[in-house]
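Examination of the molecular architecture
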Amino acid sequence: MAVIEAAAPEKPKKEPTDDEKRRMKIVAGSLMKAVIRPGGGDSTPSDGDQVIYHFTVRTLDGVIVQSSRSEYGGKGIPIRSVLGKSKMIVGLLEGIPTMQKGEIAMLKMKPQVHYGEDDCPLSAPTDFPKDDELHFEIEMIDFFKAKVISDDLGVVKKVITEGQGWESPREPYEVKAWISAKTADGKVLVPCTREEPFFFNFGKSEIPKGLEMGIGTMARQEKAIIYVSSQYLTSSPFLPVVDGVEEVHFEVELVHFIQVRDMLGDGRLIKRRVRDGEGEFPMDCPLHDSLLQVHYKGMILNEEKAVFFDTRVDNNGQPLEFCSGEGLVPEGFEMCVRLMLPGEIALVTCPPDYAYDKFARPANVPEGAHIQWEIELLGFEMPRDWTGLDFISIMDEAEKIRNTGNRLFKEGKFELAKAKYDKVLREFNHVNPQDDEEGKTFSNTRNLLHLNVAACYIKMGECRKAIETCNKVIEANPGHVKALYRRGMAFMAAGDFEEAKSDFNKMIQLDKSTEPDATAALLKVKQQEQEVEKKQRKQFKGLFDKKPGEISEVGTEENGDKAADVNEKNGAQEEDLDGDTSDTSREVAGNAAQTSAPQTSFWARLLTVLGRIGWTTMLFNFTFVFVLAYLLNQWIN
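Our subject in this report is the structure included herewith. The shown structure was predicted, so the numbers you read here are calculated from the model rather than taken from an experiment.

Further remarks concern the overall build of the protein chain. The secondary structure content of the protein chain amounts to 17 helices and 20 strands. Buried positions account for 43% of the 637 residues belonging to the protein chain. Put simply, 69% of the contacts in the protein chain that link residues at least 6 apart link residues at least 24 apart. Summed over its atoms, the accessible surface of the protein chain is roughly 34600 Å², and 49% of this surface lies on carbon and sulfur atoms.

Here's what the structure looks like:
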């Protein structure tokens, strides 16, 4: 028996475009073509091509109705359209793609294929005989693949010579280019006889808007013609506004541009490339944490531009070598070096808060100084690739990075420390332990990393994220006491005291050896609860001490507020890394245990209840609060 193969599924048919649907309506005899003068070559225009042509419309008895030619009353400017983009009558949509460059043809059109078409996207000119059969004489001047830069086709580019690389200039780059300009009818506006390329700062309105838009799509050494319509011919030092000009053709050769980067987006931290490096930007930049070697010269941005350090002079000619991602150089310095290519020289202008105001300041640099660094990136070494490493080697590499994170944590660089832990956790997504022993080691290390990330979040004041991170460990291992401790500390810092006490009590139930640490933490929770209660009492001071019918003002004690705030902030201070509880927390808890907690009065308990149900809202209704207090007092007494 013959094997019957399953038929391949049919590919879904592509929905025709609006222009294709219009062309399908053309019937035989409604559009006829006669070649008056043959063109040259074998190619014809297609969708995406810009076509440039002259046209003349006549009635069947030879009366000229409309023309682009000056000798027939037109402006003398050829029509410029992009096939598939520009709005055109359907007769031209069908006829122009059949023409060669230089060809002149006569297209005989019935009304339904020119302006008499139902739902024609173009309006007929005034007094145009749209219900008549007409002759359209078309001369195809040129066509080419076009780069459409503006949606309204007001800026279109024709590439003459391809450029080098992929990078194009953008704000605030510095650009050098040979530029000439002429009108659509050939009148020269700016000749190309200048002695040197035109220099301008991108984004500073130093050239017309449309020209800048076109240059912003060019690569180094690229040559192009940029067609710019009047709405994009803004006045500029290069070309003032010329009255009566509807379109300008700019011939451009992009000689060079200097990469200038606004690193913060506010103009304060600027990196200006002085000498190009080797390789492709940004693929060959040290974007990831690496070992870098740089020479640099640091200057104070004052009138003298005093040099405060030069590696070639003050470091025995040796370059500075440092690991990025470890806070070893000022933040602005590292941000810019990460975007440099080997061999590149850059001039960096840096504000104080990204220079030495938040970093160890050299003795000869005053506080608040704006800094300029001249940096040369000599080279860099990427971190070791884990691909192909055995499990032991991978864990050794992970331990090195984790230890670096621990050092950064102890130095108070919590964001940098977190980045190190996160890096290892990302790499762990591609690690597959091969046996139970490896699996246990891997799981324990990953849990410690998660808990270290949680510790960083607590220090950074992001307690909810710390809780979510601890949950990743607890969901996989509900009895993980270190994760419970870390989450309890996060709950306490967030003011969720009941949740915190639940975690600390659960620690004791699961592992009696953790009782001292859990007890210390519980006493700390109690301290913070009392501080919150004290703060609430101060805010309601005197409210319930009046006779029925009297209303007291709510007391506000600034000092009390500050004390409570300080205590709340200190709630997350008794932390150590890798899930271990600290000796400091035990000492704090021990001292707290020696002081008897004050007895909680009825009014304090009432204030606590009111605080939990939203007392700030009730302040707007004193009568309700008074009645509630009175009834509760009568019930208890």
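Next comes the rest of the description.
In this model helix H12 (residues 515–539) runs 36 Å from its N-terminal to its C-terminal C-alpha over 25 residues, within 8% of the 36 Å that 1.5 Å per residue would give. Three or more residues of H12 are buried, namely Asp517, Ala518, Ala520, Ala521, Leu522, Lys524, Val525, Gln528, Glu533, Lys535, Gln536 and Gln539.

Looking now at the packing of helix H7 (residues 414–428) against helix H8 (residues 436–459). As a packed pair, H7 and H8 sit with axes 9 Å apart at the nearest point and diverge in direction by 150°. The pairing of H7 with H8 is recorded here as roughly antiparallel in orientation. Between H7 and H8 lies a crossing of left-handed hand. Across the interface between the two elements, Phe414, Ala417, Lys418, Tyr421, Asp422, Val424, Leu425 and Phe428 of H7 pack against Phe442, Thr445, Arg446, Leu449, His450, Asn452, Val453, Cys456, Tyr457 and Lys459 of H8.

This part is about the pattern of salt bridges. As enumerated under the stated definition, the model contains 40 salt bridges in all. Put simply, Lys271 and Glu344 hold a salt bridge, and the shortest N to O gap is 2.8 Å. Here Glu344 lies in the loop between helix H5 (331–337) and strand E19 (345–350) and Lys271 lies in strand E15 (residues 270–275), a separation of 73 residues in the sequence. Of the charged contacts in the structure, one is a salt bridge between Glu376 and Arg312, with a shortest N-O distance of 2.6 Å.

Across the 12 residues of strand E6 (residues 134–145), 9 count as buried, placing the element largely inside the fold. For strand E2 (residues 49–59) and E6, the ladder comprises 11 bridges, and the chain directions are antiparallel. Its bridge partner being in E6, Phe55 is matched across the sheet by Ile138. When strand E5 (residues 104–109) meets E6, the two strands line up antiparallel, connected through 6 bridges. Along E6, the bridge assignment pairs Leu107 with Phe136.

One can find Ser180 in strand E9 (residues 174–183). Taking relative accessible area as the criterion, Ser180 reaches 12% and is therefore assigned buried. Residues in contact with Ser180, not counting those within four places in the same chain, are Val190, Pro191, Cys192, His249, Phe250 and Glu251.

As a further point, take the nonpolar core. Grouped together as the largest cluster of nonpolar side chains are 47 residues, with contacts concentrated most on Trp386, Tyr421, Phe428 and Phe504. Within the residue set of this core, elements represented by two or more residues are helix H6 (391–410), H7, H8, helix H9 (463–476), helix H10 (481–494), helix H11 (497–510) and H12. With 9 residues, H8 is the largest single contributor of residues to this core. In contact with Phe428, not counting residues within four places along its chain, are Trp386, Met395, Ala398, Phe442, Thr445, Arg446 and Leu449. Grouped together as the second largest cluster of nonpolar side chains are 29 residues, Phe333, Ala346, Val348 and Ala369 included.

Let's shift gears to the side chain of Asp310. Relative to the assigned elements, Asp310 resides in strand E17 (residues 307–310). No salt bridge is formed by the buried Asp310; its nearest oppositely charged neighbour, Lys297, is found at 4.9 Å. Here the side chain of Asp310 touches Arg312 through a polar contact of 3.0 Å, landing on its backbone nitrogen. Once residues within four sequence positions are removed from consideration, Asp310 is found in contact with Tyr296, Lys297 and Asn315.

Note on backbone geometry: most residues besides glycine have negative phi, and most peptide bonds are trans. Cis peptide bonds are those with omega within 30 degrees of zero, and the linkage from Glu171 to Pro172 qualifies with 0°. Looking along the chain, the bond that leaves Phe281 and enters Pro282 is cis, with omega of 0°. The phi angle at Asp127 is positive, at roughly 65°, despite the residue not being glycine. For Asp127, the location among the structural elements is in the loop between E5 and E6. Despite not being glycine, Gln221 has its phi angle at roughly 70°, a positive value.

Between H8 and H9, whose axes approach to 8 Å, the crossing angle comes to 170°. Of the possible angle classes, the one that applies to H8 and H9 is roughly antiparallel. Note on element contacts: H9 touches H8 through Cys463, Lys465, Ala466, Thr469, Cys470, Lys472 and Val473, opposite Asn447, His450, Leu451, Val453, Ala454, Tyr457 and Ile458. Considering only residue class, the contact of H8 with H9 consists of 9 nonpolar, 3 polar and 2 charged.

This paragraph deals with the packing of aromatic side chains. Applying the stated criterion across every chain yields a total of 17 aromatic pairs. Between Tyr115 and Phe128, the aromatic rings sit 4.9 Å apart at their centres with planes inclined by 70°, giving edge-to-face as the arrangement. Of this pair, Tyr115 sits in the loop between E5 and E6 while Phe128 sits in the loop between E5 and E6, and the two are 13 residues apart along the sequence. Residue class for Phe128 comes out buried when judged on its relative accessible area of 9%.

Conventions and cut-offs
- Residues numbered from 1 in each chain as written.
- Predicted model: local features only at pLDDT ≥ 70, side-chain atom pairs only at ≥ 80, totals over all residues.
- Heavy atoms only, no water.
- Helix = DSSP H or I, 4+ residues; strand = E, 2+ residues; numbered from the N terminus.
- Buried < 20%, exposed > 50% of the residue type's maximum accessible area, 1.4 Å probe, protein only.
- Contact = heavy atoms within 4.5 Å.
- Areas by Shrake-Rupley, 256 points an atom, 1.4 Å probe, with all protein chains shown as cover.
- Expected span 1.5 Å × (residues − 1).
- Axes fitted to C-alpha atoms, helices over the stretch in contact; angles between N-to-C directions.
- Parallel < 35°, antiparallel > 145°, perpendicular 65-115°, else oblique.
- Left-handed = near helix turned anticlockwise from the far one by under 90°.
- Salt bridge = Lys/Arg side-chain N within 4 Å of Asp/Glu carboxyl O.
- Pairing = 2+ DSSP bridges.
- Core = buried A, V, L, I, M, F, W, Y, C linked by side-chain atoms within 4.5 Å.
- Lys, Arg positive; Asp, Glu negative; His and termini not counted.
- Polar contact = N/O pair within 3.5 Å; in protein donor to acceptor, adjacent residues only side chain to side chain.
- Nonpolar A, V, L, I, M, F, W, Y, C, P; charged D, E, K, R; others polar.
- Phe/Tyr/Trp six-rings, centres within 6.5 Å; stacked < 30°, edge-to-face > 60°.

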